[in-house]
Amino acid sequence: MAESLISKAACIADLKAMTKTRIPKFAFEYLAGGCNDENTLRQNRRALDQVFLQPQYLTNPHSASLATELLGQKYSAPFGVAPLGLSGLIWPRAAEFQALAAREANIPYILSTLASTSIERAAECAGENFWFQLYPPSDLAIRKDLMARAEAVNCTHLVVTIDVPAAGRRPKDIRNGLAVPPKISLNSIAQTMARPAWAMATARQGMPQFASMMPYMKDVSNLREVANYIRTTLKDVVDFPMLQQLREQWTGKLIVKGVLSVADAQKALEAGADAIIVSNHGGRQLDAARPSVTALEEIVAALGDKIVVMVDSGVESGPDIARFLAQGAKMVFAGRAFMYGVGAFGQPGAAHSIELLRSELLQVMEQLRCPTPAGLPGYLL
């Protein structure tokens, strides 16, 4: 871990605080905020804080290893980078920086359909660690082409998100002009001018765009038309028949993201999914959703021996990752935590955030006297 960075940011909370001072308010609130009253955002934190781990001190000493095997691939840690749309709003080329860092650290990287980096560029950066998250477009030709592009860059993991049948209502984004269509106001201009490093970096790179979707936007010429195109094109609700169809069309691993119930987990299994990601979308879609860690416990108990169960939503530290793993998750994904690294330091921050979580998780396991991530359920109190 670079000493110059660790002295400035020793944990994810430090990165978050630094990001808040480096990017405009509208960008920070887009990243950190949740929907409606942000109740689910708070409940994710409270539920994780109620998960306790029990050390086993008087046992034979073990050296802990974070090495993890998942879906036929070996990774150096049991956590990965979750998808985040319009990533370039936080910092130009953020998705590229994260993909490169994930490849170097040998952890999974998931690119959002709505990221500011294209499928092709992200795959070039992430290599074998590249996963693609699909919001299935209503246009079948576009849907088929997105999947073909992912396959063409040797992507073997397709993540289908099912928990956005309606657009999340986020008052902070609405007030900041990040509604559809987006609005530029005197307030947003003032916020930008107050963050000169972000403004200059964005000016050099250009305003963030939905890079993977750009080839299909041949008749759009401004932000309003782009926003309306995305809103009307990515509108299909993922139901059971569509999931079955996607399974037939995709030859690699199919992962269903956004599962919060045993019933949906069972349907994903019946549709032929290889894995699920238990998730409440980081508190950004339903403000009455149960915490991911609570749903995880129930789903693992019911189906953990039949399908690979992963999780996201609420990760802020290595102990949080350990809590999720102790509840039976095979892989834990974080979105905001990694993006705070880029927001705070640019490209070096991508690797720094990964190293922070890696070091924290390793310390927890050594403190518990737990040798492997797979062994953490045995330390759940």
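Since this is a predicted model, take the numbers as computed values, not measurements.

> Teacher, can you tell me more about the overall build of the protein chain here?
Across its full length, the protein chain holds 17 helices and ten strands. Here the protein chain has a C-alpha radius of gyration of 20 Å; the compact-globule value for 381 residues is 21 Å, and the two agree. Taken along the three principal axes of its C-alpha coordinates, the protein chain extends 65 × 50 × 40 Å. For the protein chain, with 381 residues in total, the buried portion stands at 54%. The long-range share in the protein chain, meaning contacts at least 24 apart out of those at least 6 apart in sequence, stands at 73%. Total accessible area on the protein chain is roughly 16,500 Å²; 53% of this is exposed by carbon and sulfur atoms.

> What should I look at first to understand the nonpolar core in this one?
What tends to happen in soluble globular proteins is that the nonpolar side chains get buried as a cluster. In this structure, Phe79, Tyr109, Leu111, Phe130, Phe132, Met213 and Ile276 are the most contacted members of the largest nonpolar core, which totals 112 residues. If we skip the residues at most four places from it in the chain, Ile276 touches Ile255, Val256, Val259, Ala265, Ala268, Ile299, Ile307, Val308, Val309 and Met310. The next biggest cluster of nonpolar side chains, apart from the first, holds 13 residues, and it includes Tyr75, Ile110, Ala275 and Phe333.

> Even after reading the chapter, I still don't get the environment of Leu146, so can you show me in this structure?
Note on placement: Leu146 falls in helix α7 (residues 140-152). Counting along the chain gives 67 residues from Leu146 to Met213, while the straight-line C-alpha distance between them is 8.6 Å. Apart from the residues lying within four places of it in its own chain, the contact partners of Leu146 are Thr113, Ile119, Phe132, Leu134, Pro137, Ser212, Met213 and Tyr216.

> In this structure, what is going on with helix α17 (residues 347-368)? I would like to understand it.
Three- or four-residue spacings in an α-helix give side chains the same orientation, since the helix completes a turn every 3.6 residues. For α17, which comprises 22 residues, the first-to-last C-alpha distance of 33 Å matches the rise-based estimate of 32 Å (1.5 Å per residue) to within 8%. Positive backbone phi, approximately 70 degrees, marks Arg369, located one or two places after α17.

> Looking at this structure, how should I read the packing of helix α3 (residues 25-32) against helix α16 (residues 336-345)?
The axes of two packed helices give the description: the angle between them and the distance between them. Between α3 and α16, the least distance of the axes is 10 Å, while the angle of their chain directions is 155 degrees. Classified by the interaxial angle, the pair formed by α3 and α16 is roughly antiparallel. Where α3 abuts α16, its residues Phe28, Leu31 and Ala32 lie against Arg336, Met339 and Tyr340. Broken down by class, the residue content of the contact of α3 with α16 amounts to five nonpolar, no polar and one charged.

> Help me understand the side chain of Glu96, please; the structure alone is not making it clear to me.
In this fold, Glu96 is placed in helix α5 (residues 94-105). Given a relative accessible area of 11%, Glu96 falls into the buried group.

> Looking at this model, I keep getting lost on the state of the cysteines. Mind explaining?
Covalent bonding between the sulfur atoms of two cysteines is what defines a disulfide. Applying the stated criterion to the full structure yields zero disulfides. For Cys125, which is in no disulfide, the shortest distance to another cysteine sulfur is to Cys155 and amounts to 14 Å. On the basis of relative accessible area, Cys125 is assigned to the buried category, the value being 1%.

> Explain the side chain of Lys257 here, please?
Relative to the helices and strands, Lys257 resides in strand β7 (residues 253-259). By relative accessible area, which is 5% here, Lys257 ends up buried. Side chain to side chain, Lys257 and Asp312 meet in a polar contact 3.2 Å long.

> I would appreciate a short explanation of the packing of α5 against α17 in the present structure.
Relative orientation of the contacting elements α5 and α17 amounts to 40 degrees, with a least axis distance of 8 Å. Judged on the interaxial angle alone, α17 and α5 are oblique. In the packing of α5 onto α17, the handedness of the crossing is right-handed. For the pair α5 and α17, the contacting residues are Phe97, Gln98, Leu100, Ala101, Ala102 and Ala105 in the first and Gln347, Ala350, Ala351 and Ile354 in the second. A per-class count over the contact of α5 with α17 returns eight nonpolar, two polar and no charged.

Analysis parameters
- Residue positions are counted from 1 within each chain, in the order its sequence is given.
- Where local features are concerned, this predicted model is filtered to residues with pLDDT of at least 70; where side-chain atom pairs are given and counted, the filter is 80 or more; whole-chain, interface and lining totals use all residues.
- With hydrogens and water excluded, all non-hydrogen atoms of the structure serve as input to the side-chain values.
- Each helix is a run of H or I in the DSSP string that is no shorter than four residues. Each strand is a run of E no shorter than two, and both are numbered from the N terminus.
- The globule rule used here is 2.2 Å times the number of residues to the 0.38 power, and the radius of gyration it is set against is calculated over C-alpha atoms.
- Any residue under 20% of the maximum accessible area for its type is buried, any over 50% is exposed, and the rest in between are partly exposed; the area is computed with a 1.4 Å probe on protein chains only.
- When checking whether two residues touch, look at their non-hydrogen atoms; a contact exists if any pair is within 4.5 Å.
- The Shrake-Rupley method, run with a 1.4 Å probe sphere, supplies the accessible areas, and residue values consider only the shown protein chains as cover.
- What is meant by a nonpolar core is a set of buried Ala, Val, Leu, Ile, Met, Phe, Trp, Tyr and Cys residues, joined one to another through side-chain atoms within 4.5 Å.
- A helix is expected to span 1.5 Å for every residue after the first.
- Axis angles are defined between N-to-C directions and span 0 to 180 degrees, where every axis is a line fitted to C-alpha atoms and, for a helix, only to the segment in contact.
- Throughout, the term roughly parallel applies to angles under 35 degrees, roughly antiparallel to angles over 145, roughly perpendicular to angles from 65 to 115, and oblique to all others.
- Classification used: nonpolar for Ala, Val, Leu, Ile, Met, Phe, Trp, Tyr, Cys and Pro, charged for Asp, Glu, Lys and Arg, polar for all others including Gly.
- The term disulfide is used for any two cysteine sulfur atoms that are within 2.5 Å.
- In protein, a polar contact means a hydrogen-donor-capable atom and an acceptor-capable atom, both N or O and within 3.5 Å, with residues adjacent in sequence counting only if both atoms are side-chain atoms; elsewhere, any N or O pair within 3.5 Å suffices.
- Note on convention: near helix rotated counterclockwise from far helix by under a right angle means a left-handed crossing. Clockwise means right-handed.

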